[in-house]
Amino acid sequence: MSPKIPLLAALLALVSTLPAAAATPDLFQVWKLPKAIWTLKTADGKTPPLNAAGKALYERRLAARAAGKPIDDGVMSCLPHGYPRLLLSPYPFRIYQKPQFVAFVHELHHVHRIAYLGEKNEPVESLDPAYMGYPVANYEGDRLVVTSNGFNEKTTLDRSGLPHGAGLKLTESWGLIDGGKRLEAVVTIEDAQYYEKPWTARVVFDKGDPDTQFAEYACTDTNPEAKMK
Amino acid sequence: MRYGMTRCLGAAIACVGILLLQAPASGAAEKQVFTKSADPRNFEGVWWTRGYDRTYRQLDKSLPPFNAAGKAEWERHVAAEKAGNPIGDAPTRCYPHGIPRMMASPYPIQIIQTPGLLTMLHEVGHNIRYIYMDQPHPKNPKRSFLGHSVGHWEGDTLVVDTIAFNDRTRIDEEGIVHSLKLHMVERFRKIDNGNAIENLMTIEDPEYFTQPWQARRTYIWRPDVRLAEYICEENNRNEPDAQGITTAK
C-alpha cells in the first residue's frame, strides 16, 4: 500500500470536519437583458395573484395605457423606475462585488444601487420611503440575496403597471446558470396590500463584454424608452 | 469563506480565525464598513467635497483668464441672476452636471476600483463617472454631458483626461461657460495622511479662455457616510420653461 493513501485519508478527514463553504458567486460582469419585459409574469408564466384592490388598480392602468394616455407612470417624466422594473429594460448593468457591499450600476438612467453586505433590513416605520427602497445583501451558498423594503408608492413593478404599496418587501436571489454563461434573478414580491400571497418571477440575463463602456443616458421628456414598443 | 479554507489547510492555528464569525449588526445604526487604506492608490470608499463654493476661481482666487467672449458670457450670467432670472443649466433640468461643475457639488461620492476601471458613484442626481484606466480615448467618442474620461497613474497621482463634452453644461454655477473644445485634466491624489483627496484641475478651452487655468477641490474621507437616494426630477421647483428660462422661486 502506498504511503500516500493514509496521508490522503487524513487530509480528507480534516476537510470533512471543516464547515462546508460554497464559493461566493462571481457576478462581477456586464449583464444584459436580451429582450424587454413589459409585463412581469410569475415564474410559471401566469398573471400575478392580485387581490381585489390590486386587480382594480391594475385594470385602471391597463385601460389608460390601451387608450393612449398612461397613468401612474413616472418613468415617462424621468422619475425612477424602481426595482424590479429597472431590470426589465434591455440596457446593460454591472454588478460590482466588494467585501463591504454589492453595487448594481445601470446604464439606464445612470442608476446606482448599493447594497451593503451582512446587514438586516430596518423596520419600515423607521425608513424614509424611497424609490429603490433600502437594499441589504447577503450571500447564501452560491447565491447573492438582496432584500429591500422602505419603498415609496410612486413606482410600478413593471411597465404594464403592476401595483405595489409601501409595504412591499422585495427579495432577489441572484445566481449563475448555464455553466456561468447567464445570470438568473429569482424575484419574490411580498405585498399583502395588492396580492393574495407572495409570488415569484424569474428574469435571466446574458453576459456582456466586460469592457463595455456604458453610454450616457440623459433622460428627457422624449426619452428613448418612451418610444420602445 | 473559500479564502479562509485555503488558509486553514496551511496551518491549524489559522483555522481559529475562520471560526470566529462576526455577529451581524443588530440593525440599528449603520456601521462603518470602510477602513482608510494606507495604499496611496486606493481611493475606495466615500468622500465628501470640503465646503461648497458655487464658483470656480484660479488657485490665486482670481477670475479665470477670460477672453472677450468668455468675459461677456460670464457677465451675462451674473447679471441675469442679479435680476432674479438665473440662466438654468444642466443640473436645473436634472441632466448630468458636466465636469468640473459636478466635482464641486456638495454631495458625497463613492469610488470603486476594479481592473481597468475607476467608477465614481455620485449621490447628486445619482450620476456616474467612468474613468477607463490605461487606455486611449476612442477615435470619435460620442459627446456627452460628462465627457469621456481616461486615467493613468503618475506615481501616486491619478491623472484623468476628459474630452468629448457637449455644450449643454457650464463650468460653474455662477456663469463660467465652456464650448465643445473643453478639455479637462484632473490630478487626484491623497493628502492629509489619506484623510482627503485633492483634485487639481486644469481647464482648457480656447473658445473662452486665453490659456489653460487651474482650480482645486478637496474631498474628505467619510467612512460614516452612505450615499442617499437623490431624485432631482421630483418636486423640481426650478424647471425651466420651454425657452429654457428659469425663474428663481
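Our structure's up above, just so we're on the same page.
Description of the structure in this document.

Definitions and limits used
Residues numbered from 1 in each chain as written. Chains lettered and ligands numbered in written order. Predicted model: local features only at pLDDT ≥ 70, side-chain atom pairs only at ≥ 80, totals over all residues. Heavy atoms only, no water. Helix = DSSP H or I, 4+ residues; strand = E, 2+ residues; numbered from the N terminus. Buried < 20%, exposed > 50% of the residue type's maximum accessible area, 1.4 Å probe, protein only. Contact = heavy atoms within 4.5 Å. Areas by Shrake-Rupley, 256 points an atom, 1.4 Å probe, with all protein chains shown as cover. Pairing = 2+ DSSP bridges. Axes fitted to C-alpha atoms, helices over the stretch in contact; angles between N-to-C directions. Disulfide = S-S within 2.5 Å. Phe/Tyr/Trp six-rings, centres within 6.5 Å; stacked < 30°, edge-to-face > 60°. Lys NZ or Arg CZ within 6 Å of the ring centre and 35° of its normal. Expected span 1.5 Å × (residues − 1). Polar contact = N/O pair within 3.5 Å; in protein donor to acceptor, adjacent residues only side chain to side chain. Buried area = accessible area lost by both parts, 1.4 Å probe. Salt bridge = Lys/Arg side-chain N within 4 Å of Asp/Glu carboxyl O. Nonpolar A, V, L, I, M, F, W, Y, C, P; charged D, E, K, R; others polar. 1 Å grid on protein atoms, 1.4 Å probe; cavity = no way out; pocket = protein on both sides within 12 Å on 5 of 7 lines; lining within 4 Å. Points joined across faces, edges and corners; volume = space filled by probe spheres on them.

**Things to note about the overall build of chain A**
Part 1: Secondary structure assignment for chain A yields three helices and nine strands.
Part 2: Overall, chain A shows an N-to-C arrangement of helices and strands of α-β-α-β-β-β-β-β-β-β-β-α.
Part 3: Here chain A holds 229 residues, and the buried ones make up 51% of them.
Part 4: The long-range fraction of contacts in chain A, counting pairs at least 24 apart against all pairs at least 6 apart in sequence, stands at 58%.
Part 5: Of the accessible surface of chain A, which amounts to about 10600 Å², a share of 58% is contributed by carbon and sulfur atoms.

**Here we look at the sheet that holds strand 5 (residues 134-140) of chain A**
Within a sheet, neighbouring strands are paired by backbone hydrogen bonds and run either parallel or antiparallel to one another.
Residue and element names in this part refer to chain A.
Part 1: Strand order in the closed barrel formed by nine strands is 1-2-3-4-5-6-7-8-9, with mixed pairing between adjacent strands. Each strand of the sheet is rotated relative to its neighbour by a mean of 30°, with strand direction disregarded.
Part 2: Pairing of strand 6 (residues 143-149) with strand 7 (residues 169-177) involves five bridges; the strand directions are antiparallel. Paired with Thr147 across the strands is Thr171, a residue of strand 7.

**A short note on the state of the cysteines**
All names here are of chain A.
Part 1: All told, the structure shown has two disulfides over all chains when counted by the stated rule.
Part 2: Put simply, Cys78 and Cys219 are joined by a disulfide, and their sulfur atoms are 2.2 Å apart. Given an S-S torsion of about -85°, the disulfide between Cys78 and Cys219 has left-handed geometry. Separated by 141 residues along the polypeptide, Cys78 in the loop between helix 2 (52-66) and strand 2 (93-97) and Cys219 in the loop between strand 9 (199-207) and helix 3 (224-227) bring together distant segments of the chain.

**Describing the packing of aromatic side chains**
Part 1: On inspection of all chains with the given rule, the structure shows 20 aromatic pairs over all chains.
Part 2: Of the aromatic side chains, those joined through ring pairs into one cluster are Phe93, Phe104, Trp174 and Phe205 of chain A.
Part 3: Over the ring of Phe214 of chain A we find Arg94 of chain A; its NZ or CZ atom is 4.8 Å from the centre of that ring.
Part 4: When the ring centre of Tyr116 of chain A is taken as origin, the NZ or CZ atom of Arg226 of chain B, which lies over that ring, is 3.9 Å away.

**What to know about helix 3 (residues 68-82) of chain B**
For the α-helix, the turn length of 3.6 residues means that residues three or four positions removed from each other point alike.
Part 1: The end-to-end C-alpha distance of helix 3 of chain B is 21 Å, a good match for the 21 Å that 15 residues give at a rise of 1.5 Å each.
Part 2: If you check the start of helix 3 of chain B, you find a side-chain oxygen 3.2 Å away from the backbone N of Ala69 of chain B, and it comes from Asn67 of chain B.

**Quick notes on the interface of chain A and chain B**
Accessible area lost on assembly of the parts is the figure often given for the size of an interface.
Part 1: Counting residues at the interface gives 40 residues for chain A and 43 residues for chain B.
Part 2: Overall, the association of chain A and chain B removes approximately 3600 Å² of surface from exposure, summing both partners, and the carbon and sulfur fraction of that is 61%.
Part 3: The tally of links from chain A across to chain B stands at four salt bridges.
Part 4: Linking chain A with chain B are 17 residue pairs in polar contact (both at pLDDT 80 or more), by the criterion used here.
Part 5: Among the elements of the structure, helix 1 (4-17), strand 2, strand 3 (101-106) and strand 4 (112-117) of chain A are those that each provide at least two residues to the side of chain A that touches chain B.
Part 6: Taken together, the residues of the side of chain A that touches chain B break down into 24 nonpolar, nine polar and seven charged.

**Re empty space enclosed by the protein**
Part 1: The full count for this structure, using the stated rule, is six cavities of 30 Å³ or more.
Part 2: When its volume is computed, the largest cavity comes out at roughly 60 Å³.
Part 3: Residue lining of the largest cavity: His109 and His110 of chain A together with Cys94, Tyr95, His97, Gly125, His126, Asn127, Cys232 and Glu233 of chain B, and that is the complete set.
Part 4: Residues that form the lining of the largest cavity fall into these classes: three nonpolar, six polar and one charged.

**Here we look at unusual backbone geometry**
Part 1: With an omega of 5°, the peptide bond between Tyr83 of chain A and Pro84 of chain A qualifies as cis.
Part 2: Residues Ile99 of chain B and Pro100 of chain B are joined by a peptide bond in cis, for which omega reads 10°.
Part 3: Along the chain, Pro100 of chain B falls in the loop between helix 3 and strand 2 (109-114).
Part 4: If you check the backbone angles, His126 of chain B has positive phi at about 40° while not being a glycine.
Part 5: Note on placement: His126 of chain B falls in the loop between strand 3 (117-122) and strand 4 (128-133).
Part 6: Accessibility expressed as a relative area gives 8% for His126 of chain B, which makes it buried.

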